[in-house]
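# Reading the structure
Letter by letter, the chains look like this.
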Amino acid sequence: MELYELNLWMLMEGLKAGNFSASEIFTSCKKRIDQCEDSIHALITRTDDTVPSHSDGMLAGIPTIIKDNLCTKGIRTTAASRILGNWKPPYDATAWVRLRDSGAVLMGKANMDEFAMGNTCGNSAFGPTRNPNDTSLVPGGSSGGSAAAVSAGYVPFSLGSDTGGSIRQPASFCGVYGLKPTYGMVSRYGLISYGSSLDQIGPFARTVQDLQLVMSIISGHDPMDSSSFRDKAHDFSHNENVSIKGKKIAVVKEFEGFTLDAPIADAMKRVKKILEDEGAIITEVSLPVVSKYAVACYYALAMSEAHTNLERYDGVRLGYTVKDARGIKEMFERVRSYGFGAEVKARIIAGTCLTEPARCEEYYVAATKVRTLIAQEFARAFGETDYILQPVTPSMPGKVGETDDDAMKGYEADLYTLPVNLAGLPGLSFFTGYAGNVPVGLQLIGPRWSDAGILDAGIILERHLGSPRIANGGVK
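To start, this report covers the structure provided alongside it. Every value quoted in this text rests on a predicted model; they were computed, and no experiment measured them. (Residues numbered from 1 in each chain as written. Predicted model: local features only at pLDDT ≥ 70, side-chain atom pairs only at ≥ 80, totals over all residues. Heavy atoms only, no water.)

### Let's talk about the environment of Arg312
Tracing the backbone shows Arg312 in the loop between helix 8 (288-309) and helix 9 (328-339). When sequence neighbours within four positions are dropped, the list of residues in contact with Arg312 reads Arg317 and Leu318. (Helix = DSSP H or I, 4+ residues; strand = E, 2+ residues; numbered from the N terminus. Contact = heavy atoms within 4.5 Å.)

Put into structure tokens, the structure is as follows:
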């Protein structure tokens, strides 16, 4: 077995036992990237040109990759957009600082949908990322590069961000585990904003135990992020003796009649049986507001926040600019017309319309009120059940290029993921097996701050369902 095939815990234990060195791990992962990257295109910027020197910490010598909307001091950070040019931030994102200070080695910055707007990883100024299990398929988005990198064995774990499903959907499509933490669990400082009240950083890995370890490092209060939690103790330590006996795990009544692709429907049946055999009680909850209004509510809020967050890219303060414009108006027009891709422009325009004085009360303010109702509805549901089991998406991954042409299909596919962000809840995308060569994932949702409990439940599911294999990465 090659070193790049080992998961995070195996690498840590092997290093501790002296079975191999950090430089050997680095070399193995670098060779794997060299072998697969032309086929997958998971990275925008590579940082694996130099073998790292010895470092201390829990993750000493362990390679990782982070999404290219996480700031890295002195290293190009693009958010997959032309408008940032070759911008090199003067500071690091807190999540990366915590990994780096634990000894992790950065191998590169992952490809993504531009400014995290999309669910195919095809809306990138640097070209699409492909699914390592079948390179004709999309890896999911927007954190498609981060998920693909772990699936193909570039690194044992990576970081992405999730504004409306951007960790969970790529994890499902690529066949890895992905956690969207509770809003406030992981600092957003240094994350390039899309929708500030929705964005959350989280990890990908090939085992749940690896997710637990990464969360123990990156979670916790950060004074640089006013939304990060205070005075809450969260234990992400691994416990082999976890049990879900007596736990209530619900399916959503309103979702039961919705059409699912056959492999996803089959996975739901299998997982419910596994949970019942483990002593859980399968029940049902009703989420009528979520099922009817969540998608419209999300896009009203997300596009409004995107419109505000992306105003700063004007050709003056940072990133791409033009020097021969005749006046400030022409400069703004040329910079933003060239710098932003079609999907980002569409969302900026929509957000501008939704927040203008004549419409703000009717759309944006109304959406904030609906969001409160959605959060309250989830709170009531979790008064009756411990967790909710549901699909990540209703469909298996589509072909590269095809799904980008149908925006409405993409929006409809978000119904199972968006509500989690609206209510600030944690959601775990977990591996259930393969349909042919294509992975199938589901998700488990819990109340706020139940992240550790969801991962414990994931440990039990992993025992029954197994861990994903390393994808072939398009290598013949």
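### What to know about the packing of aromatic side chains
Here the structure, examined in full by the defined rule, presents eleven aromatic pairs. When the centroid spacing of 5.0 Å and the interplanar angle of 75° are considered together, the rings of Phe255 and Tyr416 count as edge-to-face. With Phe255 in the loop between strand 7 (248-252) and helix 7 (262-277) and Tyr416 in the loop between helix 12 (407-412) and helix 13 (418-422), the pair connects residues that are 161 residues apart, well separated along the chain. Of the two residues, Phe255 and Tyr416, both sit in the buried class. Put simply, the rings of Phe115, Tyr313 and Phe340 touch in pairs and so form one group of aromatic residues. The ring of Tyr338 carries the charged tip of Arg82 above its face, separated from the ring centre by 4.6 Å. Arg469 extends its terminal NZ or CZ atom over the ring of Tyr434, reaching a point 3.7 Å from the ring centre. (Phe/Tyr/Trp six-rings, centres within 6.5 Å; stacked < 30°, edge-to-face > 60°. Buried < 20%, exposed > 50% of the residue type's maximum accessible area, 1.4 Å probe, protein only. Lys NZ or Arg CZ within 6 Å of the ring centre and 35° of its normal.)

### A word on the side chain of Ser429
Take Ser429: it is sitting in strand 10 (residues 427-435). The exposure class of Ser429 is buried, given its relative accessible area of 0%. A distance of 3.5 Å separates a polar side-chain atom of Ser429 from the backbone nitrogen of Ser172. Once residues lying within four places of it in the same chain are set aside, the contact partners of Ser429 are Arg168, Ala171, Ser172, Val176, Tyr177, Gly178, Val392, Leu442 and Gln443. (Polar contact = N/O pair within 3.5 Å; in protein donor to acceptor, adjacent residues only side chain to side chain.)

The analysis is restricted to geometry; functional conclusions fall outside its scope.
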